[in-house]
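Structural description and commentary
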Amino acid sequence: MENLICIQCGTQFDATATPPLRCTICEDERQFVHYGGQQWTTLGRLVTDHHNRLEDEAPQLLGVGTEPEFAIGQRALLLQSSSGNLLWDCISLLDQKNIAEVKARGGIRAIAISHPHFYSAMVEWADRFDAQIFLHSADRQWVMRKSPRIQFWEGTTFPLWDGLTLINCGGHFEGGTVLHWPAASRGGGSKGALLTGDIITVVQDRRYISFMRSYPNYIPLGAAAIHRILEIIEPFPFEQIYGAWWKANVLSDAKAAVTRSAERYLRAIAPIGNYG
Ligand SMILES: [Zn+2]
Ligand SMILES: [Zn+2]
């Protein structure tokens, strides 16, 4: 019995004697099956030719990403906080060296994940660090490896500790979640940050963000979904946004970046658009 990992999306599945016939995550319209067909690996095989790079993205915020790049290529973030560390989003690879490195920084109290594309090997990580996992219940159907460590939360917000709050924005996924981190500090003072995965995605120029139902298949979100995201994050102060990939961060005036990005997006998808 092995926990197979989908090579295209990085999701680890329940242990089976034979490989699953398909990857439910990849067959969804928000992902895709590789042109070469469905392929699987295991954690044991992955560690033979991949490793994780650990690098600070901000004070108290350690990036952990796999090299060479694997699956979707995101990096997770270890948010270090006085009442316990939170792993925000997750990746498929974990080895003994990483376990020691993360334990040296205080380990992991809990894992919270923005959406199913980053569920990856969350149960593997949770087991190694004796951590809880917080997922929004609206995405329950996308959990491919079950565990009693997973706690599904409901509603719009869910408080953790030290002022950390999970916020359900929807959009890309119905359970799409961002994390508000009020103590984020950079360049003096704590003005707060959002950790967003790709529920609010930081685009290439890092002065704007965007939203999509599917990034690889270019399916946009409608105006109602955009307005809902803006309304839900409105009460939370933040100066930075930390996205899903290395250096995909808006480092100043991020709330204004969300506003101007949403305006630009809504203009582009308007029935009589500015670009049409
Ligand atoms: Zn997959
Ligand atoms: Zn995604």
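This section reports on the structure supplied with the text. Counting restarts for each chain, with residues numbered from 1 along the sequence as it is written. Note on labels: chains are lettered from A, ligands numbered from 1, in written order. Since the coordinates come from a predicted model, pLDDT governs what is reported: local features require at least 70, and pairs of side-chain atoms require 80 or more to be given and counted, while whole-chain, interface and lining totals use all residues. Computation of side-chain values: all heavy atoms of the structure, hydrogens and water removed.

Some details on the sheet that holds strand β5 (residues 61-67)
To keep things clear, this is the line we draw: The rule for pairing is simple: two strands pair if DSSP sees at least two bridges between them. Strands here are runs of E lasting at least two residues and helices are runs of H or I lasting at least four, both read from the DSSP assignment and numbered beginning at the N terminus. The convention used is that axes are lines fitted to C-alpha atoms, helices contributing only their stretch in contact, and that angles between N-to-C directions extend from 0 to 180 degrees. Residues are treated as being in contact if the distance between any of their heavy atoms lies within 4.5 Å.
Strand order in the open sheet made by the seven strands is β4-β5-β6-β7-β8-β9-β10, with mixed pairing throughout. One side of each edge strand has no neighbouring strand; the edge strands of this open sheet are β4 (51-58) and β10 (150-153). With direction set aside, neighbouring strand axes in the sheet form an average angle of 25°. Sheet topology places strand β8 (residues 110-112) next to strand β9 (residues 132-136); three bridges connect them, and they run parallel. Bridging across to β9, A110 finds its partner in Q132. Of the strands in this sheet, β4, β5, β7 (86-88), β8, β9 and β10 touch helix α4 (residues 122-129), which is tilted by about 150° from β9.

Side note on the nonpolar core
Heads up, the condition is: The nonpolar core is taken to be a set of buried Ala, Val, Leu, Ile, Met, Phe, Trp, Tyr and Cys residues, with the residues joined through side-chain atoms within 4.5 Å. Categorising residues by exposure relies on relative accessible area from a 1.4 Å probe, with only protein chains included: less than 20% of the type maximum marks a residue as buried, more than 50% marks it as exposed, and the intermediate range marks it as partly exposed.
Counting residues in hydrophobic clusters, the biggest one holds 39 residues, and the most contacted among them are I108, I111, M122 and W125. Listing elements by their share of this core, those giving two or more residues are β1 (2-6), α1 (24-27), β5, β6 (75-79), α3 (96-104), α4 and β9. When residues in this core are grouped by element, the largest group, five residues, is from α4. Once residues within four sequence positions are removed from consideration, I108 is found in contact with L78, N85, L87, V102, W125, F129 and A131. One finds I199, I200, I209 and Y265 within the second-largest nonpolar core, a separate group that totals 27 residues.

Some words on the environment of E154
When you line up the elements, E154 lands in the loop between β10 and β11 (157-159). Residues E154 and C23 lie 131 residues apart in sequence; the distance between their C-alpha atoms is 26 Å. Setting aside residues up to four positions removed in sequence, E154 forms contacts with H136 and S137.

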